Protein chains: 2
Amino acid sequence: MPSLPPPFQTSTDRTVFFVSDGTGITAETFGHSVLTQFELRFKEVRLPFVDTLDKAYDAVREINDAYEVDGKRPIVFSTLVKAELSTVVRQSKGMHMDLIQTFVEPLEQELGVKSTHTIGRSHNIADSEDYKQRIEAINFSLAHDDGQSNQNLVAADVILVGVSRSGKTPTSLYLAMQYGVKAANYPLIPDDFERGKLPSGLIPYKKKLFGLSIAPDRLAEVRNERRPGSKYASPENCRYEVNEAEKMMRREGIRCVSSTAKSIEEIAAMILQEIKSDKRSY
Amino acid sequence: MPSLPPPFQTSTDRTVFFVSDGTGITAETFGHSVLTQFELRFKEVRLPFVDTLDKAYDAVREINDAYEVDGKRPIVFSTLVKAELSTVVRQSKGMHMDLIQTFVEPLEQELGVKSTHTIGRSHNIADSEDYKQRIEAINFSLAHDDGQSNQNLVAADVILVGVSRSGKTPTSLYLAMQYGVKAANYPLIPDDFERGKLPSGLIPYKKKLFGLSIAPDRLAEVRNERRPGSKYASPENCRYEVNEAEKMMRREGIRCVSSTAKSIEEIAAMILQEIKSDKRSY
C-alpha cells in the first residue's frame, strides 16, 4: 500500500497533513500536485472525516506532535467546509493551506450568493445521477474487459483495442470510475494479424474504437514481469505484435495513442478529449 | 458520460473552465468540491494538456467566448505550473483561481527551496514505484473479484465480504486504483448462511476481512435493476441475506461498514482508516 505513511522514514523533510471533513481525496490530490513541485521527501498523514470539534482538536494534537518530533512546521492541506472546524485546526502549529476559505469566499463575492457551507459532495454523491452512471459504467467496463463479451457493445462509449498488456484494462476502468465512461476493451492477438482483419465483433463499432500502442521494449519489460523468458514476452515477438497492431490501426483509420511512459490518468484524459471533440456541437 | 459538458443547457448560471498543463484532474476534483458549495448550475469545460503558448492563447479565446455568450465572467480553475502559460491564461476575462501560484509561492518561502516548476506529476508518475503498485493492485483486485480465486489471498491487503450487490466490486477497484491497496472481494451467499460458516477459503485470512452491509430496501432496489421481479431481488430475500450476513460478521468479529447512501470514495476512505490504524506504529 504505497500511500500509507511510512512509519520509520528517517530522511523525511516535513510532515504533511491532509485534513478533511470528507474523504480527504481532494485535499490529497491537490496537495500532491503542489508538493511534486518540490524535490523534497514528505511524510504524509491523512486525516479524513474530521467532522466534529473533538476530531478537530485531535487533529490539532497530531499536527503539534509532528511539529515537536520534526522540529519543523508541518504543512496542512485542508478542505474543512465548516468554519468552526477550520478555525480549530488553524490553531495548530502547522502551515495552513485552506483550500475552501481561500477560494470559496472570493467566489461568494463573484457569484453574489452565499455558499451552503455544507459538505455537499459527501452527502449527495451517492444519490446523484452522475454517481449512478459511474457505477453502471464500472459494471459495464468489467463485463466488457478483455473482449469478454460482444453483447451490448452498442452501449459502449469507447472500445479500447491493442495488444495484450498495452494498458487497456486499467485505462478502461479508470475511464469508467472517474468519468462514468462506458469503456469496453478488446485485445488484438496474433490470429487477428494473420487474418489481417479486425476481430469481426468490432467491425460494426469502428467509430468507437480507440487504439493503445506501446513501445516494443517497454512491452517486453511488462510482459516479462508476468511470464519471464516466454516467447510471448520476447523482444522479437513484442516488436512483431506492436508493428502489426499499429499497421492495422492505420489501415482501419483507428485513432491511437501511445501508452508508453504515460499514466492511466493521462491516457484517459487524452481519450476523453478525443471523444469530446467528436461530440462537441457548441 | 455524465461529466461531459452538456451542449445545450439553457438555465446554466456560469461557465467553469478547468485548465491544466496535465490531465486536469486536480483542477477538476478541486473545482467540483468548491462549486458544490453553491446551489447553482455550472456549465463545465475541461481544457487539459494546455502545455504550449499556442494552446494557452486558445484557452483565452475559449474563455472570452464564453464570457460573450453568457454575459458573465467564467470561473477558471487552473493548475498551470509554468509561469509563462499561467500569465497568458490570466489575461482572459475569466475569474482566475490559480491553484499553483496561490499555494506554491508561500511554500517556497516556508520550505526555503525553489519549486522545480516542472509538471512533475505527469512526467514521473508512470515510472514511479507508487504507480507500479497501483497497476499491480488493479490487476490483483480484478483477479480476486467476486471470489474468483482463492490463490494468493495471502498477498491481499484487505478482503471485502458481503452479500451480492453490496458494493464490493467497485469499492475494491477504487481502493486499488486510488490507493494501490490490493483489495480482494468475496461474496457471502445463502449457502454460507445455511452452513453458518464463513467460506472456508477465507478462514485463514480473518484479520483481513472487512464487511460491507447495506439496508435491505436499498439492496432490493439495486438488485431489482439487475433482475426485476426475481426472488433474488425480493424484499424478503434481501432482508434475510442482509440479516444473516450481519449476524455472521458479528459472530466472527469482522469489522463492517454500511454502504447505504455512501459513495465508493467514502467507503474506501473509511476502510483505509481502519487498515491504517492497524498498522500505525508511530
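Residues numbered from 1 in each chain as written. Chains lettered and ligands numbered in written order. Predicted model: local features only at pLDDT ≥ 70, side-chain atom pairs only at ≥ 80, totals over all residues. Heavy atoms only, no water.

Chain A is annotated in an unreviewed UniProt entry as Putative phosphoenolpyruvate synthase regulatory protein of Noviherbaspirillum galbum. What the UniProt record of chain A gives under Sequence similarities (unreviewed entry) is the line "Belongs to the pyruvate, phosphate/water dikinase regulatory protein family. PSRP subfamily." Taken directly from UniProt, the Function (unreviewed entry) text for chain A runs: "Bifunctional serine/threonine kinase and phosphorylase involved in the regulation of the phosphoenolpyruvate synthase (PEPS) by catalyzing its phosphorylation/dephosphorylation." (UniProt positions renumbered as here; feature names shortened; annotations may be inferred.)

Draft legend 1. Geometry of the pairing of strand E5 (residues 158-162) of chain A. Residues and elements named next belong to chain A. The buried fraction of E5 is high, at 5 of 5 residues. Of the two faces of E5, the one holding Val158, Leu160 and Gly162 and the one holding Ile159 and Val161 are both buried throughout. As paired elements, E5 and strand E6 (residues 183-187) share 5 bridges and run parallel to each other. Bridge assignment links valine 161 to a residue of E6, and that residue is tyrosine 186. With helix H7 (residues 168-179) bridging E5 and the parallel E6, this β-α-β connection has right-handed handedness. Inspection of the sheet shows E5 paired to strand E7 (residues 209-213) by 3 bridges, in the parallel sense. Bridge pairing in E7 places isoleucine 159 opposite leucine 209. (Buried < 20%, exposed > 50% of the residue type's maximum accessible area, 1.4 Å probe, protein only. Helix = DSSP H or I, 4+ residues; strand = E, 2+ residues; numbered from the N terminus. Pairing = 2+ DSSP bridges. Right-handed = clockwise from strand over helix to strand, strands pointing away.)

Draft legend 2. Structural detail: the sheet that holds strand E8 (residues 256-258) of chain B. Residues and elements named next belong to chain B. Here we have 4 strands laid out as an open sheet, ordered E6-E5-E7-E8, and parallel in their pairing. Among the strands making up the open sheet, the edge pair consists of strand E6 (183-187) and E8. In this sheet, neighbouring strand axes are inclined to one another by 25° on average, regardless of whether the strands run parallel or antiparallel. Running at roughly 150° to strand E7 (residues 209-213), helix H10 (residues 235-252) makes contact with strand E5 (158-162), E7 and E8 of the sheet. (Axes fitted to C-alpha atoms, helices over the stretch in contact; angles between N-to-C directions. Contact = heavy atoms within 4.5 Å.)

Draft legend 3. Structural detail: the UniProt feature "binding site: ADP" (unreviewed entry) in chain A. Residue and element names in this part refer to chain A. In this structure's numbering, the residues bearing the UniProt feature "binding site: ADP" (unreviewed entry) are Gly162, Val163, Ser164, Arg165, Ser166, Gly167, Lys168 and Thr169. Looking at the element boundaries, arginine 165 is found in the loop between E5 and H7. Looking at arginine 165, the relative accessible area reads 25%, which means it is partly exposed. Among the structural elements, glycine 167 can be located in the loop between E5 and H7.

Draft legend 4. Region of interest: the packing of aromatic side chains. For the coordinates displayed, the defined rule picks out 7 aromatic pairs over all chains. Here tyrosine 174 of chain A and tyrosine 179 of chain A contribute two aromatic rings whose centre-to-centre distance is 6.4 Å and whose plane-to-plane angle is 80°, an arrangement assigned as edge-to-face. Look at tyrosine 174 of chain A and you get buried, because its relative accessible area is 6%. A relative accessible area of 2% places tyrosine 179 of chain A in the buried class. Seen from their ring centres, phenylalanine 193 of chain B and tyrosine 240 of chain B are 6.2 Å apart, and the 85° between their planes marks the pair as edge-to-face. Here tyrosine 240 of chain B lies in helix H10 and phenylalanine 193 of chain B lies in helix H8 (residues 190-195), a separation of 47 residues in the sequence. Over the ring of tyrosine 232 of chain A we find arginine 223 of chain A, and its NZ or CZ is 4.2 Å from the ring centre. (Phe/Tyr/Trp six-rings, centres within 6.5 Å; stacked < 30°, edge-to-face > 60°. Lys NZ or Arg CZ within 6 Å of the ring centre and 35° of its normal.)

Draft legend 5. A look at the interface of chain B and chain A. On the side of chain A, 93 residues touch chain B, which itself brings 93 residues to the contact. Counting each side, the surface lost to burial between chain B and chain A is near 8700 Å², with a carbon and sulfur contribution of 68%. In this structure, the connection of chain B to chain A is made through 6 salt bridges. One salt bridge in this structure joins glutamate 110 of chain A and arginine 73 of chain B, with 2.5 Å as the shortest N-O distance. Taken together, chain B and chain A are joined by 8 residue pairs in polar contact (both at pLDDT 80 or more). Looking at which element gives the most residues to the side of chain B that touches chain A, the answer is helix H11 (residues 264-279) of chain B, with 10 residues. Here the side of chain B that touches chain A is composed, by residue class, of 47 nonpolar, 22 polar and 24 charged. (Buried area = accessible area lost by both parts, 1.4 Å probe. Salt bridge = Lys/Arg side-chain N within 4 Å of Asp/Glu carboxyl O. Polar contact = N/O pair within 3.5 Å; in protein donor to acceptor, adjacent residues only side chain to side chain. Nonpolar A, V, L, I, M, F, W, Y, C, P; charged D, E, K, R; others polar.)

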